[in-house]
Amino acid sequence: MIKYQGIYSEMKTRILSGEYSSEEKLPDGRSLAAEFECSEITIKKAMDFLVKEGLVVRKRGAGSFVKQKPDAVSDSHLLGTKKRAQDKGKTVHTRVVKFSSVPANALIAEKLKCNVGDPVYDITRIRVLDGVPSIVEYIYLSAKIVPSLAIEHVKDSIYGYISDKLKLTIHSANLRITIVNANVEEADYLSVPIGEHLVNVAQNAYLDNGQIFEYSVARHICDSYEFSTTYVKSDTQL
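As annotated in an unreviewed UniProt entry, the protein carries the name GntR family transcriptional regulator and is attributed to Vibrio mediterranei.

Okay, here's the thing in structure tokens:
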């Protein structure tokens, strides 16, 4: 692991565990550099990730502070569908339509930044929230980065398997959100009319070493979809 990634992970653990409380000023760069035996540039790089995640806020001339936690439950896509839904008090059931290992075609190889022919998992599943079919997920995962994935993981939580069993750190994701019309299969899966508007969320997800491990497209019924995010000013705007 690159030095700054280890510092980022340790600082994040301290913040989430409450060792550094909300609105508390964090140790300055020089103190942290001495503790972690690295340069202040390395500390800044680690802190940049915490700022981007919305865990830390910088105040010009005052230092860095732990951001006050919002009252609302986070809707971060890095938690995975099951955890997000359960945090909102919803029951989650999963129906797996497809689960196979296939060679990556040109399109998927481009999305996952792998070679054509590399093994990938091709998954289609339906998420049923509080008894209502709500999401169709089309998922492609690198089998090299996420090995030994089994049907029980797909039925439960893929992100849980990656984090808890493989001990990999899911770091970030790029999302593109649009509106599409339900095709014949999706209308059947979700019990909606053909052509019904669905929220289309295309996503690339990354580990903390920068690797893309997932490309997915999730299509949500509009009534159940919620999205929240944190916007952070860059240093040049402060």
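A. Focus on the overall build of the protein. Looking only at helices and strands, the protein has 8 helices and 8 strands in total. The buried share of the protein, reckoned over its 238 residues, is 43%. Taking all contacts inside the protein whose residues are at least 6 apart in sequence as the whole, residues at least 24 apart take part in 58%. Of the roughly 13,100 Å² that the protein leaves accessible, carbon and sulfur atoms contribute 51%.

B. Quick look at the side chain of Asp 118. Checked against the element boundaries, Asp 118 lands in the loop between helix H5 (106-112) and strand S4 (119-129). For Asp 118, the residues in contact, after removing those within four places along its chain, are Val 102, Pro 103, Ala 104 and Lys 144.

C. Quick look at the nonpolar core. Core analysis: the biggest nonpolar cluster contains 22 residues, and Ile 108, Leu 112, Val 136, Leu 190, Val 192, Leu 198 and Tyr 215 have the highest contact counts within it. Among the elements of the structure, H5, S4, strand S5 (132-142), helix H8 (184-190), strand S7 (197-207) and strand S8 (212-221) are those that each provide at least two residues to this core. Those residues in contact with Val 136 that sit more than four places away from it in its chain are Thr 124, Arg 125, Ile 126, Glu 186, Tyr 189, Leu 190, Val 217, Ala 218 and Arg 219. Residues Ile 7, Leu 32, Ala 33 and Leu 50 belong to the second largest nonpolar core, which totals 19 residues.

D. Here's a closer look at the environment of Tyr 121. As for its placement among the helices and strands, Tyr 121 is situated in strand S4. In sequence terms Tyr 121 and Ser 100 are 21 residues apart; their C-alpha atoms lie 5.7 Å from each other. Apart from the residues within four sequence positions on either side, Tyr 121 is in contact with Phe 99, Ser 100, Ile 139, Tyr 140, Leu 141, Ala 143, Val 146, Pro 147, Ser 148 and Leu 149.

E. Summary view of unusual backbone geometry. Non-glycine residue Glu 37 carries a positive phi angle of around 55°. Within the element layout of this structure, Glu 37 appears in the loop between helix H2 (29-36) and helix H3 (40-52). Even without a glycine there, the phi angle at Lys 167 is positive, about 60°. Along the chain, Lys 167 turns up in the loop between helix H7 (158-165) and strand S6 (170-181). Look at Lys 167 and you get exposed, because its relative accessible area is 64%.

F. Local environment of the packing of aromatic side chains. Summed over the entire model, instances satisfying the criterion amount to 5 aromatic pairs. Between Tyr 4 and Phe 49, the ring centres sit 5.6 Å apart and the planes meet at 5°, which makes this aromatic pair stacked. With Tyr 4 in helix H1 (residues 3-17) and Phe 49 in helix H3, this residue pair connects regions lying 45 residues apart in the sequence. We classify Tyr 4 as buried; its relative accessible area is 13%. Here a set of aromatic residues connected by ring pairs shows up, and it is made of Tyr 4, Tyr 8 and Phe 49.

G. Summary view of the pattern of salt bridges. Here the structure, examined in full by the defined rule, presents 10 salt bridges. The shortest N-O distance in the salt bridge between Lys 144 and Asp 118 comes to 3.4 Å. Linking Lys 144 in the loop between S5 and helix H6 (151-155) with Asp 118 in the loop between H5 and S4, this pair joins segments that are 26 residues apart in sequence. Exposure remark for Lys 144: the relative accessible area of 56% places this residue in the exposed category. Glu 186 is the salt-bridge partner of Arg 219, the closest N and O atoms lying 2.9 Å from each other. One end of the pair, Arg 219, is in strand S8; the other, Glu 186, is in helix H8, and 33 residues separate them in sequence. On the basis of relative accessible area, Glu 186 is assigned to the buried category, the value being 1%.

H. Main features of the sheet that holds strand S3 (residues 92-103). Strand order in the open sheet formed by 6 strands is S3-S4-S5-S8-S7-S6, with antiparallel pairing between adjacent strands. Two strands in the sheet have a free side with no partner beyond their single neighbour: S3 and S6. Taking the axes of each pair of neighbouring strands and ignoring which way they run, one obtains an average angle of 15° across the sheet.

I. The confidence of the model for the protein, seen in detail. When the pLDDT values of the protein are averaged, the result is 87; 89% of them are 70 or greater. Between residues 70-75, whose pLDDT stays under 50, and residues either more than four places distant or in other chains, the model counts 8 contacts. Between residues 234-238, whose pLDDT stays under 50, and residues either more than four places distant or in other chains, the model counts 6 contacts.

The rules we used
- Residues numbered from 1 in each chain as written.
- Predicted model: local features only at pLDDT ≥ 70, side-chain atom pairs only at ≥ 80, totals over all residues.
- Heavy atoms only, no water.
- Helix = DSSP H or I, 4+ residues; strand = E, 2+ residues; numbered from the N terminus.
- Buried < 20%, exposed > 50% of the residue type's maximum accessible area, 1.4 Å probe, protein only.
- Contact = heavy atoms within 4.5 Å.
- Areas by Shrake-Rupley, 256 points an atom, 1.4 Å probe, with all protein chains shown as cover.
- Core = buried A, V, L, I, M, F, W, Y, C linked by side-chain atoms within 4.5 Å.
- Phe/Tyr/Trp six-rings, centres within 6.5 Å; stacked < 30°, edge-to-face > 60°.
- Salt bridge = Lys/Arg side-chain N within 4 Å of Asp/Glu carboxyl O.
- Pairing = 2+ DSSP bridges.
- Axes fitted to C-alpha atoms, helices over the stretch in contact; angles between N-to-C directions.
- pLDDT = per-residue confidence, 0-100.

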